[in-house]
Amino acid sequence: GNSVTQMEGPVTLSEEAFLTINCTYTATGYPSLFWYVQYPGEGLQLLLKATKADDKGSNKGFEATYRKETTSFHLEKGSVQVSDSAVYFCALGLFGNEKLTFGTGTRLTIIP
Amino acid sequence: KAGVTQTPRYLIKTRGQQVTLSCSPISGHRSVSWYQQTPGQGLQFLFEYFSETQRNKGNFPGRFSGRQFSNSRSEMNVSTLELGDSALYLCASRIGTGGNSPLHFGNGTRLTVT
């Protein structure tokens, strides 16, 4: 079956630190990959996406590269801000299947 | 463009009661999905509707049901509520079809069952 594994949280970093949140996947077929972010009291917001191998998704300083050889889609940001504190979800979707499969989420806290 | 709108934001119900949650998708989006989010189970897929037809359903008991109207608005219903149904229920819409099209989520309805 399809699955997404994210690094366990919570993750606490100082402002301006480098961020990596690991995500690996298992899928039958060729998935599209997504990162979503959830701020307190809100729903999930699409952060970035990649639809094929070697694609790089980017948004708001965050980046992730679709690595087919390692089945990974790690989220990175060069310099985090307090406002980046949130829960981050990695997800995969497959053509012909309307359901997105989500990881368990990684809670990120940035301290000033 | 307005985002996905869910009503109400909060609900408190008693065991055994039933509840109806509402979702208005982004204008032009015809696919609506529902997810349940809990601390223990994370995000779990409930069902997906397109053009008033349920196309996909997750592994939930029959107490959970939904429907979609001709204007793409959707409702989900939970009957005979149990304590374990307490969760954040998220509605999402997408413009295309298929899992390679991103979902756009509402802010959810937080249901508390006492």
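Residues numbered from 1 in each chain as written. Chains lettered and ligands numbered in written order. Predicted model: local features only at pLDDT ≥ 70, side-chain atom pairs only at ≥ 80, totals over all residues. Heavy atoms only, no water.

Asks: Kindly report on the interface of chain B and chain A, identifying the contributing residues and their values.
Replies: Listed per partner, the contact involves 21 residues of chain B and 21 residues of chain A. Of the roughly 1600 Å² buried between chain B and chain A on both sides combined, carbon and sulfur atoms contribute 56%. Summed over the three residues of chain B that lose the most area to chain A, namely B:L43, B:G99 and B:N100, the buried surface amounts to 29% of that side. For the interface between chain B and chain A, the tally reads zero salt bridges. At the boundary of chain B with chain A, the tally comes to five residue pairs in polar contact (both at pLDDT 80 or more). Secondary-structure elements contributing two or more residues to the side of chain B that touches chain A are β4 (31-38), β5 (42-50), β6 (53-57) and β9 (87-94) of chain B. Across the side of chain B that touches chain A, the residue classes tally to eight nonpolar, nine polar and four charged. (Contact = heavy atoms within 4.5 Å. Buried area = accessible area lost by both parts, 1.4 Å probe. Salt bridge = Lys/Arg side-chain N within 4 Å of Asp/Glu carboxyl O. Polar contact = N/O pair within 3.5 Å; in protein donor to acceptor, adjacent residues only side chain to side chain. Helix = DSSP H or I, 4+ residues; strand = E, 2+ residues; numbered from the N terminus. Nonpolar A, V, L, I, M, F, W, Y, C, P; charged D, E, K, R; others polar.)

Asks: Tell me about unusual backbone geometry, and name the residues and values.
Replies: The omega angle of the peptide bond from A:G9 to A:P10 is -5 degrees, so this bond is cis rather than trans. Backbone torsion omega between B:T7 and B:P8 reads -10 degrees, so that peptide bond is classified as cis. Not every positive phi belongs to a glycine, and A:E16 is a case in point at roughly 75 degrees. As for its position among the elements, A:E16 is in the loop between β2 (11-14) and β3 (19-21). Accessibility expressed as a relative area gives 60% for A:E16, which makes it exposed. (Buried < 20%, exposed > 50% of the residue type's maximum accessible area, 1.4 Å probe, protein only.)

Asks: Give me the side chain of B:S74: which residues, what numbers.
Replies: Residues and elements named next belong to chain B. Structurally, S74 is set in strand β8 (residues 74-78). A relative accessible area of 0% means that S74 is categorised as buried. Side-chain polar atoms of S74 contact the side chain of W34, separated by 2.9 Å. The residues contacting S74, other than those within four sequence positions of it, are L21, S22, C23, V32, W34, Y49, R67, Q68 and F69.

Asks: How would you explain the pairing of strand β8 (residues 62-65) of chain A if you had to name every residue and give the values?
Replies: All names here are of chain A. Looking at chain direction, strand β7 (residues 56-59) and β8 are connected through four bridges and run antiparallel. Bridged to G57 within β8 is A64. Counting the residues in the hairpin turn of β7 and β8 gives two residues, including K60, whose phi is positive at 55 degrees. Alignment of β8 against strand β9 (residues 75-77), held across three bridges, turns out to be antiparallel. Looking across to β9, one finds that A64 is bridged to L75. (Pairing = 2+ DSSP bridges.)

Asks: Describe the pairing of strand β1 (residues 3-6) of chain A, listing the residues and the values that go with them.
Replies: Residue and element names in this part refer to chain A. Side chains V4 and Q6 of β1 all project onto a buried face; the interleaved residues S3 and T5 project onto a face where none is buried. Pairing of β1 with strand β4 (residues 23-26) involves four bridges; the strand directions are antiparallel. The residue of β4 that forms the bridge with T5 is T24.

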